[in-house]
Amino acid sequence: MKLETYFLNGEVNPGFSKEFISIFDGWLGKENLQRLDDVSEEDWSRFNKFLRLLSQHYKLYRVDMDAQSLREIADIQGVVCSLEESENKQSAEFTKIASPQLNAVYAEDWDCTWILWHMNDGAVDTLSPLIDQSGLFHWSD
């Protein structure tokens, strides 16, 4: 499995579609951005729950853009982080995880949202129960 399967020039390959995964049930919009200030560690822990569930069902690889490589994740605890740790990251430090079984990339993004980059070949339907079980919401544009 190669990084080029998922990324081209540092970006997710253009053939992938986006599914947004969030603690919120849709876009906040400018009028609700203050809700980001009220996000708790418990809210954030839903992303970590989802990561743990993913790791129970699928082989996962951490994307290392600096080394241009994928590294198998042996213990998901090394990947999960707290809300504070996430808030202190720069965008280049956001977590990116590839799953060859799903033909997808799960990537941390801004505003308590992660993106599932997928090839429209069933990954969203497959992961929907795990997303729900984690207490998260998902949608596409």
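In this text, all values refer to a predicted model and were calculated from it rather than measured experimentally.

## Looking at the environment of Asp-125
- Tracing the chain through its elements places Asp-125 in helix α3 (residues 123–133).
- In this structure Asp-125 comes out as exposed when scored by relative accessible area, which is 66%.
- The spatial distance from the C-alpha of Asp-125 to the C-alpha of Leu-83 is 27 Å, given a sequence separation of 42 residues.

## Here's the deal with the packing of helix α1 (residues 41–57) against α3
- Interaxial distance between α1 and α3 falls to 9 Å at its minimum, and their mutual angle equals 140°. As judged from the angle between their axes, α1 and α3 are oblique. Like other packed secondary-structure pairs, α1 and α3 cross with a definite hand, here right-handed. Contact residues: Lys-49, Phe-50, Leu-53, Leu-54 and His-57 in α1; Leu-127, Leu-130, Ile-131 and Gln-133 in α3.

## Some points on α1
- If you check α1, its first and last C-alpha atoms are 25 Å apart, about what 17 residues at 1.5 Å a residue would give, namely 24 Å.
- Inspection of α1 places Asp-43, Trp-44, Phe-47, Asn-48, Phe-50, Leu-51, Leu-53 and Leu-54 among the buried residues, and these make up the whole buried set.
- Tucked inside the fold, the buried residues of α1 contact β3 (17–22), α2 (83–87), β6 (96–99), β7 (104–108), β8 (113–118) and α3.

## Looking at the side chain of Lys-89
- Looking at where Lys-89 falls in the secondary structure, it is placed in the loop between α2 and β6.
- When its relative accessible area of 14% is taken as the criterion, Lys-89 is described as buried.
- Among the polar contacts listed, one links the side chain of Lys-89 to the side chain of Thr-95, at a separation of 3.1 Å.

## With respect to the sheet that holds strand β5 (residues 69–72)
- Strand order in this open sheet of 7 strands is β5-β4-β6-β7-β8-β3-β9, and the pairing throughout is antiparallel. In this open sheet, the two strands that pair with only one neighbour each are β5 and β9 (137–139). Put simply, the sheet's adjacent strands are angled 25° from each other on average, direction ignored.
- When β3 meets β8, the two strands line up antiparallel, connected through 6 bridges. Across the sheet, residue Glu-19 finds its bridge partner in β8, namely Leu-116.
- Of the strands in this sheet, β3, β6, β7, β8 and β9 touch α1, which is tilted by about 155° from β7.

The rules behind each value
- Residues numbered from 1 in each chain as written.
- Predicted model: local features only at pLDDT ≥ 70, side-chain atom pairs only at ≥ 80, totals over all residues.
- Heavy atoms only, no water.
- Helix = DSSP H or I, 4+ residues; strand = E, 2+ residues; numbered from the N terminus.
- Buried < 20%, exposed > 50% of the residue type's maximum accessible area, 1.4 Å probe, protein only.
- Axes fitted to C-alpha atoms, helices over the stretch in contact; angles between N-to-C directions.
- Parallel < 35°, antiparallel > 145°, perpendicular 65-115°, else oblique.
- Left-handed = near helix turned anticlockwise from the far one by under 90°.
- Contact = heavy atoms within 4.5 Å.
- Expected span 1.5 Å × (residues − 1).
- Polar contact = N/O pair within 3.5 Å; in protein donor to acceptor, adjacent residues only side chain to side chain.
- Pairing = 2+ DSSP bridges.

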